[in-house]
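# Understanding the architecture of this molecule
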Amino acid sequence: ELDTVAAARAQTDAATLSPQVAGYLSRLDRYLPWFETAVDGALLAPELLGADGPRTYLILAQNNHELRPTGGFISGVGELTVEDGRLVSLTFSDSYAVDNLGVPHDLTPADFQDLLSGQLWFIRDANWDADFPTSASRAMEIYARDRGTQTDGVIALDLAALQLLVDALGPLQVPGINEPVTGQGVVQVIQEQWGGPVGDGWKEWWLHRKDFMGQIASATMARLSGGGSIQPTRVAQALKQAIDEKHLLLYVADPQAGRLLRERNWDGSLPDPWSSSDVLLVVDTNVGFNKVNPNIERAIEYQVDLGAEGKPLARLAVSYQNRSKQPVGSCIQEARYGDSYADMMDRCYWNYLRVYVPAGSRLLAGPELTLPSGSLLARGSDGPVKDSVSPAEREGGWEVWTAFFDLAPGAERTLIFEYQLPAWVLDSGSGGLTRYHLRVQKQPGTEAVPLRVELLLSLIHISEPTRPTRASRMPSSA
């Protein structure tokens, strides 16, 4: 029936319809892709929801106040089990509680060891790769090894997704919390529950500081299981917004379902680095052991000179400003807990920047940075301070350029990369026209980062023979 609708729509000219009917057609154009997705998903849903046996999914609670490549530091880990389309169980625990040192662990990559001095790969750091399917697969492997539980997929959500979901479900009555928890107040509740005691009781607090995650999960499951009225449309809209904005990422081991998620851009995967278009992905990683990201303002400016001889030239400028107000004598990279969550937010920003650009790009000039003297790497090195910019690193076919820097409260910094793009990002079409396509991919866990794109076009003026023929560049911003 849906195929019949699509075929009829393709043969309908909106210009021949009355304004009222044309308005209905416009609404159909907006919703038809979602109907198609719903049908594709419905064909896969029985197996994913346990029609032929229970399915268990790993849940990664990512705190995007401590930004990591796929959304945030993995603060909590949960198990969601479904069978015959019903929620069977939902449990949560501190990500540190998953660690089992009685089994072998893989070694972390070199950049992780340099920046965070960690050698063993635990689940809390499983999302070091910007490609979510890669990070999700690793999380499943670590969880199976440490807990002995095989899972069928991964659901990762950050604080923004949690807010949207709680708001859609309505106020939740959470054990141990006096007032009902709302979408607007859930982050404040988390921050209040996180705050550690001063003096005695610190050890007990450490063991139970994330119990609220399980309590909120239990309240959510109770609501979804019929313990109170819900509005399915509101829940669906909240989930759609969270997925669209990459606050919620999905990965499933089933190949067909995985293909559907990738086609809809819901799995957080990286695009093809060899595609026929220019691609830009800016990935920030907070390696400062703090929650300072809400105080960091970012902006991205990208300029491409399409008229450059040979291959297009690109100039990327990424700007940062630390709005934290607590002054510091010097920035020291260390794992230090404060008396409150707010204290963890009001600190220096330690950032590991990765810039993903098309395969075959060549770096011409990068930011001039030296290794921060207060970093773990500098303090642990007997040699001279190293340059903190890596100009040419390959990752899955990508050209990846990295930079490591600190940013004190109140400070600003702009990092500029100038590079040559491969010639194949320009597509010579029919009629002598050259087409340029650009895909800028959003890092999961980030809010709306200001983006300015400027294209410099080369024009040859031949319409006025009395004038000398010359090449000029015309800026065009989007």
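This structure is a prediction, so every number in the text was calculated from the model and none was measured.

Helix and strand content of the protein chain: twelve helices and 18 strands. With 478 residues in all, the protein chain has 46% of them scored as buried. Put simply, of all contacts in the protein chain between residues at least 6 apart along the chain, 68% involve residues at least 24 apart. With an accessible surface of roughly 23,900 Å², the protein chain has 52% of that area assigned to carbon and sulfur atoms.

Remark: helix H5 (residues 159–169) packs on helix H9 (residues 232–244), axes separated minimally by 8 Å, with the N-to-C direction vectors making an angle of 170°. Considering the angle they form, H5 stands roughly antiparallel to H9. Between H5 and H9, the residues in contact are Ala 161, Leu 164, Leu 165, Asp 167, Ala 168 and Leu 169 and Arg 234, Val 235, Ala 238, Leu 239, Gln 241 and Ala 242, respectively. Residues of the contact of H5 with H9, tallied by class, amount to nine nonpolar, one polar and two charged.

With that settled, consider the nonpolar core. One finds Val 174 and Val 186 to be the most contacted residues of the largest nonpolar core, which totals 40 residues. Within the residue set of this core, elements represented by two or more residues are strand E1 (55–63), strand E2 (73–83), H5, helix H6 (186–194), helix H8 (211–224), H9, strand E5 (248–252) and helix H10 (255–263). It is H5 that provides the largest number of residues to this core, a total of eight residues. If you look at the next biggest cluster of nonpolar residues, it comprises 30 residues, including Leu 58, Val 77, Trp 121 and Ala 139.

Two elements in contact, helix H1 (residues 2–10) and helix H2 (residues 19–48), have axes separated by 11 Å at closest approach and are oriented at 150°. One element, H1, and the other, H2, form an angle in the roughly antiparallel class. By crossing handedness, the relation of H1 to H2 is classed as left-handed. Facing H1, whose interface residues are Leu 2, Val 5, Ala 6 and Arg 9, H2 presents Leu 25, Leu 28, Asp 29, Leu 32, Phe 35, Glu 36 and Val 39. Each residue belonging to the contact of H1 with H2 can be placed in one class, and the counts come to eight nonpolar, no polar and three charged.

With that out of the way, let us pick up the packing of aromatic side chains. What the rule picks out here adds up to ten aromatic pairs. Ring geometry for Phe 73 versus Tyr 96: centroids 6.4 Å apart, planes at 45°, classification tilted. With a gap of 23 residues between them, Phe 73 in strand E2 and Tyr 96 in the loop between strand E3 (86–94) and helix H3 (110–116) connect regions that are remote in the sequence. Its relative accessible area of 7% is what places Phe 73 among the buried residues. Arranged with centres 6.4 Å apart and planes meeting at 45°, the rings of Tyr 320 and Tyr 349 form a pair that is tilted. Here Tyr 320 is found in strand E8 (residues 313–322), whereas its partner Tyr 349 is found in strand E9 (residues 349–357), with 29 residues between them in sequence. Three or more aromatic residues joined by ring pairs make a cluster, and in this case those are Phe 112, Trp 128 and Tyr 352. A cation over a ring is seen here: Arg 354 above Trp 128, with NZ or CZ 5.0 Å from the ring centre.

All told, the structure shown has one cavity of 30 Å³ or more when counted by the stated rule. Here the largest cavity defines a volume of roughly 60 Å³. Around the largest cavity, the lining residues are Pro 69, Ala 130, Lys 246, Gly 268, Leu 270, Leu 281, Val 283, Gln 441, Lys 442, Gln 443 and Pro 444. Considered class by class, the residues forming the lining of the largest cavity number six nonpolar, three polar and two charged.

Across the protein chain, the average pLDDT comes to 87, with 88% of residues at or above 70. Mean pLDDT values for the elements of the protein chain range from 37 in strand E18 (residues 471–477) up to 98 in E8.

The end-to-end C-alpha distance of helix H4 (residues 132–147), which contains 16 residues, comes to 21 Å, matching closely the 22 Å that a straight helix rising 1.5 Å per residue would cover. Phe 132, Pro 133, Ser 135, Ala 136, Arg 138, Ala 139, Met 140, Ile 142, Tyr 143, Ala 144 and Asp 146 are the residues of H4 that are buried. Considering only its buried residues, H4 is in contact with E1, E2, strand E4 (153–157) and E5. One or two positions beyond H4, positive phi appears at Gly 148, with a value near 75°.

For the second largest pocket, the calculated volume is near 390 Å³. In terms of lining residues, the second largest pocket is bounded by 20 residues, among which Asn 293, Pro 294, Ile 296, Thr 446 and Glu 447 are the most central. Those elements giving two or more residues to the lining of the second largest pocket turn out to be H5 and strand E7 (296–305). Across the lining of the second largest pocket, the residue classes tally to ten nonpolar, six polar and four charged.

What follows is about the pattern of salt bridges. Within the structure shown, the criterion is met by 17 salt bridges. Across the pair Glu 66 and Arg 68 runs a salt bridge whose closest N-O atoms are separated by 3.9 Å. Residues Glu 66 and Arg 68 agree in their burial class; the two are buried. Between Lys 240 and Asp 244 there is a salt bridge; the shortest N-O distance is 2.7 Å. In this pair, Lys 240 and Asp 244 are both assigned in helix H9, four residues apart and thus about one turn of the helix distant. Owing to a relative accessible area of 39%, Asp 244 belongs among the partly exposed residues under this scheme.

At Ser 117, a residue that is not glycine, the phi angle is positive and equals roughly 55°. Locating Ser 117 in the fold gives a position in the loop between H3 and H4. Unusually for a residue other than glycine, Lys 246 sits at a positive phi of about 60°. Turning to its location among the elements, Lys 246 is positioned in the loop between H9 and E5. With relative accessibility at 6%, the residue Lys 246 sits in the buried group.

About the thresholds
- Residues numbered from 1 in each chain as written.
- Predicted model: local features only at pLDDT ≥ 70, side-chain atom pairs only at ≥ 80, totals over all residues.
- Heavy atoms only, no water.
- Helix = DSSP H or I, 4+ residues; strand = E, 2+ residues; numbered from the N terminus.
- Buried < 20%, exposed > 50% of the residue type's maximum accessible area, 1.4 Å probe, protein only.
- Contact = heavy atoms within 4.5 Å.
- Areas by Shrake-Rupley, 256 points an atom, 1.4 Å probe, with all protein chains shown as cover.
- Axes fitted to C-alpha atoms, helices over the stretch in contact; angles between N-to-C directions.
- Parallel < 35°, antiparallel > 145°, perpendicular 65-115°, else oblique.
- Nonpolar A, V, L, I, M, F, W, Y, C, P; charged D, E, K, R; others polar.
- Core = buried A, V, L, I, M, F, W, Y, C linked by side-chain atoms within 4.5 Å.
- Left-handed = near helix turned anticlockwise from the far one by under 90°.
- Phe/Tyr/Trp six-rings, centres within 6.5 Å; stacked < 30°, edge-to-face > 60°.
- Lys NZ or Arg CZ within 6 Å of the ring centre and 35° of its normal.
- 1 Å grid on protein atoms, 1.4 Å probe; cavity = no way out; pocket = protein on both sides within 12 Å on 5 of 7 lines; lining within 4 Å.
- Points joined across faces, edges and corners; volume = space filled by probe spheres on them.
- pLDDT = per-residue confidence, 0-100.
- Expected span 1.5 Å × (residues − 1).
- Salt bridge = Lys/Arg side-chain N within 4 Å of Asp/Glu carboxyl O.

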